Amino acid sequence: MQFGSIRYNTDTPELLFRYGMNWEFFFQYIIAGITYGTIYAVVAIGFNIIYNATGIINFAQGEFVMIGGMTAVTFSHFMPLPFAIASAVLVTMITGGVIEILFIRWLYKPSVIRMIIITIGLSILIREMSMHIWGESVRALPYFTGTSVSSINLGGVYISPQVVWVVGISAIAVVCLNFFFSYTLLGRQMRACSANRDAARLCGINAGNMVTLSFMLSAAIGALAGCVVSPITYVQYDSGTPLAIKGFTVAILGGLGNSMAAVGAGMILGVLESFSIWIMPAAYKDAISITILLLILFLRPSGIFGSAEVSRLKEF
Amino acid sequence: MLRIRNLEAGYNSLKVLKKISMHVSSGEIVTIIGANGAGKTTLLKTISGLIKARAGEIVFEKKDIVPLAPEKIVLLGCSLVPEGRQVFATLTVKENLILGAYVQYRRKRTDEVSEDMDRIFKLFPVLKERGRQLAGTLSGGEQQMLAIGRALMSRPKLIMMDEPSMGLAPLIVKDIFNIIRKLGEEGSTVLLVEQNAKAALGIADRGYVLETGRIILEEKAEELLMNKDVQRAYLGRDLDSEVEIK
């Protein structure tokens, strides 16, 4: 078993029982959890951006992640890795914008249920189109630095360099997004639109453009997640959906629309999943997130971090 | 400044406004009074572009604004303080004001924004104290002040207010009307829609009476205050019972 990589779920728990749990294992699990948790959080933030702007859950969010990963792999044959990733993010961003303009913008006051069904349809459409473009083969970007077997020793804990990339790039993206929404005029316009669309229009803000922008932003951050994680998890035409389910769980767990809480919730789900391997077969790993999703929806629909003050100020 | 001719508008199959014609001249405070459901809010929403007119024309500063989107109309200098305040509840007070000035940024008049902000804070000192608070946590009166302040930040040539006294304590209502009077004295043009007819006519130059989607009366504000029909219908004076007492 390569501790440096987090492809631990192919191993049976018997192996762990034989070794027993010790601090070194404990940290390996934590780090694996954080890595996956980061990606879930980024996907959840993608959900939140569109939710905040339109009030809908974009079920094609996972497909943005997949398109990002796939196009990056394709581009990486022609250009150096950083450019390939940047281009992939750009392409996905444009895709997101085009999708909004083609399928969402012209709807006149659509119901939430209608928009949700449209996004589910889009996710199926994108998946099928990707299968025709890229086929069914599994792809991956190369490790950004080092290889799948290289590792960094962090006080007795071995981490794959890619983990550092995943967590680092995601953290930077989240900080940048937060800055964008809090301190730039454009970000504030987007928040104004989500707080009160008509009032925003009365301030001269073009609400339609803000929705397009939210799709582009959400697509871009999804694509970025798809790129950084693809060396670890691989990417395939249908790899978006499972990620979308995890991301959705995290978004609900943190409280819909609350991006900072999504980071915390992502960590919780990631770590829970990674420790679940220790006590039950790996096949049940995905059941964890569904269970959490149901529990949260039953017990605390505003999310564990949902602040009473802010949620009272929201429309729903 | 604003001239409306034969305006018709409504929701789906419901026709609310029927052949409305009216005008607002520069520097005037004009009020539209009328009962619940008369179409006052619909009229303001139609002028601001949130509802599309079905027929007629709305000319603002010699330009037909019927086909324009709300965001374009604001840019031309016609701002609405919507009914029920509609502040950005999850944003801070200061952010609300900055967004009010969004058209100023569009007009490349960025330098005027902080100056305007100071003016608003002078007009409503309480907003300065609460600058970092979320707008949704303000009291109703403070939210109304913020909504007016937000509209003023766009440096409107015409500011339209929809029921600024709605749901506020009488003392606050007085404050709000004093502010509107002050705006008028400073030369702003105000179109005020109110159910509180007495207070509205008290500060207005001219008034229209709107009844079931039609304008039935147009007079100087003082004359409307003296008008017996208006007194009976909107000012709560029961002339019939007065006669009996005699």
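Criteria and cut-off values
Residues numbered from 1 in each chain as written. Chains lettered and ligands numbered in written order. Predicted model: local features only at pLDDT ≥ 70, side-chain atom pairs only at ≥ 80, totals over all residues. Heavy atoms only, no water. Phe/Tyr/Trp six-rings, centres within 6.5 Å; stacked < 30°, edge-to-face > 60°. Buried < 20%, exposed > 50% of the residue type's maximum accessible area, 1.4 Å probe, protein only. Helix = DSSP H or I, 4+ residues; strand = E, 2+ residues; numbered from the N terminus. Lys NZ or Arg CZ within 6 Å of the ring centre and 35° of its normal. Axes fitted to C-alpha atoms, helices over the stretch in contact; angles between N-to-C directions. Parallel < 35°, antiparallel > 145°, perpendicular 65-115°, else oblique. Left-handed = near helix turned anticlockwise from the far one by under 90°. Contact = heavy atoms within 4.5 Å. Nonpolar A, V, L, I, M, F, W, Y, C, P; charged D, E, K, R; others polar. Pairing = 2+ DSSP bridges. Buried area = accessible area lost by both parts, 1.4 Å probe. Salt bridge = Lys/Arg side-chain N within 4 Å of Asp/Glu carboxyl O. Polar contact = N/O pair within 3.5 Å; in protein donor to acceptor, adjacent residues only side chain to side chain.

A. Expanded view of the packing of aromatic side chains. Counting across every chain of the model gives nine aromatic pairs over all chains. Centre to centre, the rings of Phe26(A) and Phe27(A) are 5.8 Å apart; their planes meet at 75°, and the pair counts as edge-to-face. When its relative accessible area of 40% is taken as the criterion, Phe27(A) is described as partly exposed. Ring centres 5.4 Å apart and planes at 50° place the aromatic pair Phe26(A) and Phe275(A) in the tilted group. One end of the pair, Phe26(A), is in helix H2 (residues 23-54); the other, Phe275(A), is in helix H11 (residues 259-279), with 249 residues separating them in the sequence. On the accessibility criterion, Phe26(A) (30% relative accessible area) is partly exposed. Aromatic ring contacts, followed pair by pair, group Phe26(A), Phe27(A), Tyr29(A) and Phe275(A) into a single cluster. When the ring centre of Phe88(B) is taken as reference, the NZ or CZ atom of Arg150(B) above it lies at 4.7 Å.

B. The arrangement of the packing of H11(A) against helix H12 (residues 285-299) of chain A in detail. Residues and elements named next belong to chain A. The geometry of H11 relative to H12 is characterised by a closest axis approach of 9 Å and an angle of 140° between their N-to-C directions. Classified by the angle between their axes, H11 and H12 sit oblique to one another. Two packed elements cross with a definite hand, and for H11 against H12 that hand is right-handed. In this structure, H11 contributes Leu269, Leu272, Glu273, Ser276 and Ile277 to the contact, and H12 contributes Lys285, Ile288, Ser289 and Ile292. Grouping the constituent residues of the contact of H11 with H12 by class yields five nonpolar, two polar and two charged.

C. Representation of the pairing of strand E1 (residues 2-11) of chain B. Residue and element names in this part refer to chain B. Relative to strand E2 (residues 14-24), E1 is paired through seven bridges, and the arrangement is antiparallel. From the neighbouring strand, Leu7 faces E2, where its bridge partner is Ile20. Between E1 and E2, which pair antiparallel one after the other, the connecting turn spans two residues, and Asn12 there sits at a positive phi close to 45°. Summarising the sheet, E1 and strand E4 (residues 55-60) pair through five bridges and their orientation is antiparallel. In the strand pairing of E4, Leu2 is matched with Phe60.

D. Main features of the sheet that holds E4(B). Residue and element names in this part refer to chain B. Taken in spatial order, the four strands of this open sheet run E2-E1-E4-E5, and their pairing is antiparallel. Whereas interior strands pair on both sides, the edge strands pair on one side only; in this sheet they are E2 and strand E5 (63-64). Lying on the sheet, helix H1 (residues 40-48) is in contact with E1, E2 and E4; it crosses E1 at an angle near 110°.

E. Local environment of the interface of chain B and chain A. Contact residues are listed per partner, giving 26 residues for chain B and 21 residues for chain A. In this assembly, chain B packs against chain A so that about 2100 Å² is buried in total across both faces, 68% of it on carbon and sulfur atoms. The three residues of chain B that bury the most area against chain A are Glu71(B), Phe88(B) and Tyr102(B), which together make up 27% of that side's buried surface. With a shortest N-O distance of 3.3 Å, Glu95(B) and Arg188(A) are connected by a salt bridge. Where chain B packs against chain A, one counts four residue pairs in polar contact (both at pLDDT 80 or more). Put simply, the parts of the chain that give the side of chain B that touches chain A at least two residues each are helix H2 (70-76), helix H3 (93-100) and helix H4 (102-106) of chain B. Looking at the side of chain B that touches chain A residue by residue, the classes come out as 16 nonpolar, six polar and four charged.

F. Main features of the packing of H2(A) against helix H6 (residues 161-183) of chain A. Residues and elements named next belong to chain A. Contact geometry for H2 and H6: axes closest at 10 Å, N-to-C directions at 30°. What the angle tells us is that H2 and H6 run roughly parallel. With respect to the hand of their crossing, H2 and H6 are arranged in left-handed fashion. Listed contacts from H6 to Ile31, Ile34, Thr35, Thr38, Ile39, Val42, Ile45 and Ile49 of H2 are Val163, Val166, Val167, Ser170, Val174, Leu177 and Phe181. Taken together, the residues that form the contact of H2 with H6 break down as 12 nonpolar, three polar and no charged.

G. Summary view of unusual backbone geometry. Residues and elements named next belong to chain B. The phi dihedral of Lys19 is positive, around 45°, even though this residue is not glycine. The exposed category is assigned to Lys19, whose relative accessible area is 54%. For Arg155, which is not a glycine, the phi torsion comes out positive at approximately 50°. With respect to the helices and strands, Arg155 occurs in the loop between helix H7 (140-152) and strand E7 (158-162).

H. Representation of the pattern of salt bridges within the structure. Residue and element names in this part refer to chain B. On inspection of all chains with the given rule, the structure shows 20 salt bridges over all chains. With a closest N to O distance of 2.5 Å, Glu28 and Arg206 form a salt bridge. Here the residue Glu28 occupies a position in the loop between E2 and strand E3 (29-33), and Arg206 occupies one in strand E9 (residues 206-211), the gap between them amounting to 178 residues. Residue Glu28 shares its accessibility class with Arg206, and that shared class is buried.

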